[in-house]
Amino acid sequence: MGLIELFIAVLIAGISVVNAAVPLGAWFRARDARFLLITGANAMLAALGGVWIWGQLPVSPPGYASVGLPVLLIVLLATLLWLASSLWRRRV
């Protein structure tokens, strides 16, 4: 229950919420299901970050909410790559 794990869990949840906004806006414009799937995946990653935040708080969370630093770093890297891939401009 360290501050580093809590910070990374908050960072994952925040990046995922921000990353869901771009494809959601594209879905509202184009109504392409791919954008909705990307938005849903980011929402689930944000929910996972929320569970991990809950696991790091001192309110006696359940056992499934605890996570270690290596797992958090791997998911943070995946989230950052996902954000970069959704913001990368498409070549025409």
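Keep in mind that what you see is a predicted model, and the values were worked out from it rather than measured.

1. Quick word on the pattern of salt bridges
A side chain of one charge can pair with a side chain of the opposite charge when the charged atoms of the two come close.
Then, number 1: Per the stated rule, a full pass over the model turns up one salt bridge.
Then, number 2: The partner of Arg34 in a salt bridge is Asp32, with the nearest N and O atoms 2.5 Å apart.
Then, number 3: Take Asp32: its relative accessible area is 23%, and that puts it in the partly exposed class.

2. Side note on the packing of helix α1 (residues 3-30) against helix α2 (residues 33-56)
Then, number 1: Two elements in contact, α1 and α2, have axes separated by 8 Å at closest approach and are oriented at 160°. Between α1 and α2, the crossing angle belongs to the class labelled roughly antiparallel. You can see that α1 and α2 cross each other, and the crossing is left-handed.
Then, number 2: Per-class residue counts for the contact of α1 with α2 are 19 nonpolar, seven polar and one charged.

3. Brief notes about the packing of α1 against helix α3 (residues 69-87)
Pairs of packed helices are described in terms of their axes, by the angle between the two and the distance that separates them.
Then, number 1: Viewed as axis vectors pointing N to C, α1 and α3 meet at an angle of 20°, and their least axial separation amounts to 10 Å. Between α1 and α3, the angle is such that the two are roughly parallel. The element α1 and its partner α3 pack so that their crossing is left-handed. Only Leu69, Leu72, Leu73, Val75, Leu76, Thr79, Leu80, Trp82, Leu83, Ser86 and Leu87 of α3 make contact with α1, whose side of the interface consists of Ile4, Glu5, Ile8, Ala9, Leu11, Ile12, Ile15, Ser16, Asn19 and Val22.

4. Examining unusual backbone geometry
Most peptide bonds take the trans configuration, and most residues that are not glycine carry a negative phi.
Then, number 1: Even without glycine at this site, Arg31 takes up a positive phi of about 55°.
Then, number 2: Along the chain, the position of Arg31 falls in the loop between α1 and α2.
Then, number 3: The phi dihedral of Ser60 is positive, around 50°, even though this residue is not glycine.
Then, number 4: With respect to the secondary-structure elements, Ser60 resides in the loop between α2 and α3.

5. Things to note about the confidence of the model for the protein chain
Then, number 1: Per-residue confidence for the protein chain averages 86 on the pLDDT scale, and 96% of its residues sit at or above 70.
Then, number 2: Mean pLDDT values for the elements of the protein chain range from 83 in α3 up to 91 in α1.

6. Some points on the side chain of Ser16
Then, number 1: In this structure, Ser16 sits in helix α1.
Then, number 2: Judged by its relative accessible area of 0%, Ser16 falls in the buried class.
Then, number 3: Within the structure, Ser16 has its side chain in polar contact with the backbone oxygen of Ile12 (distance 2.8 Å).
Then, number 4: Excluding residues within four positions of it along the chain, Ser16 makes contact with Asn42, Leu45, Ala46 and Thr79.

7. Topic: the environment of Ala47
Then, number 1: In this structure, Ala47 sits in helix α2.
Then, number 2: Under the relative-accessibility criterion, Ala47 is labelled partly exposed at 39%.
Then, number 3: For Ala47 and Leu57, which are ten residues apart along the polypeptide, the C-alpha to C-alpha distance reads 15 Å.

Procedures and definitions
Residues numbered from 1 in each chain as written. Predicted model: local features only at pLDDT ≥ 70, side-chain atom pairs only at ≥ 80, totals over all residues. Heavy atoms only, no water. Salt bridge = Lys/Arg side-chain N within 4 Å of Asp/Glu carboxyl O. Buried < 20%, exposed > 50% of the residue type's maximum accessible area, 1.4 Å probe, protein only. Axes fitted to C-alpha atoms, helices over the stretch in contact; angles between N-to-C directions. Helix = DSSP H or I, 4+ residues; strand = E, 2+ residues; numbered from the N terminus. Parallel < 35°, antiparallel > 145°, perpendicular 65-115°, else oblique. Left-handed = near helix turned anticlockwise from the far one by under 90°. Nonpolar A, V, L, I, M, F, W, Y, C, P; charged D, E, K, R; others polar. Contact = heavy atoms within 4.5 Å. pLDDT = per-residue confidence, 0-100. Polar contact = N/O pair within 3.5 Å; in protein donor to acceptor, adjacent residues only side chain to side chain.

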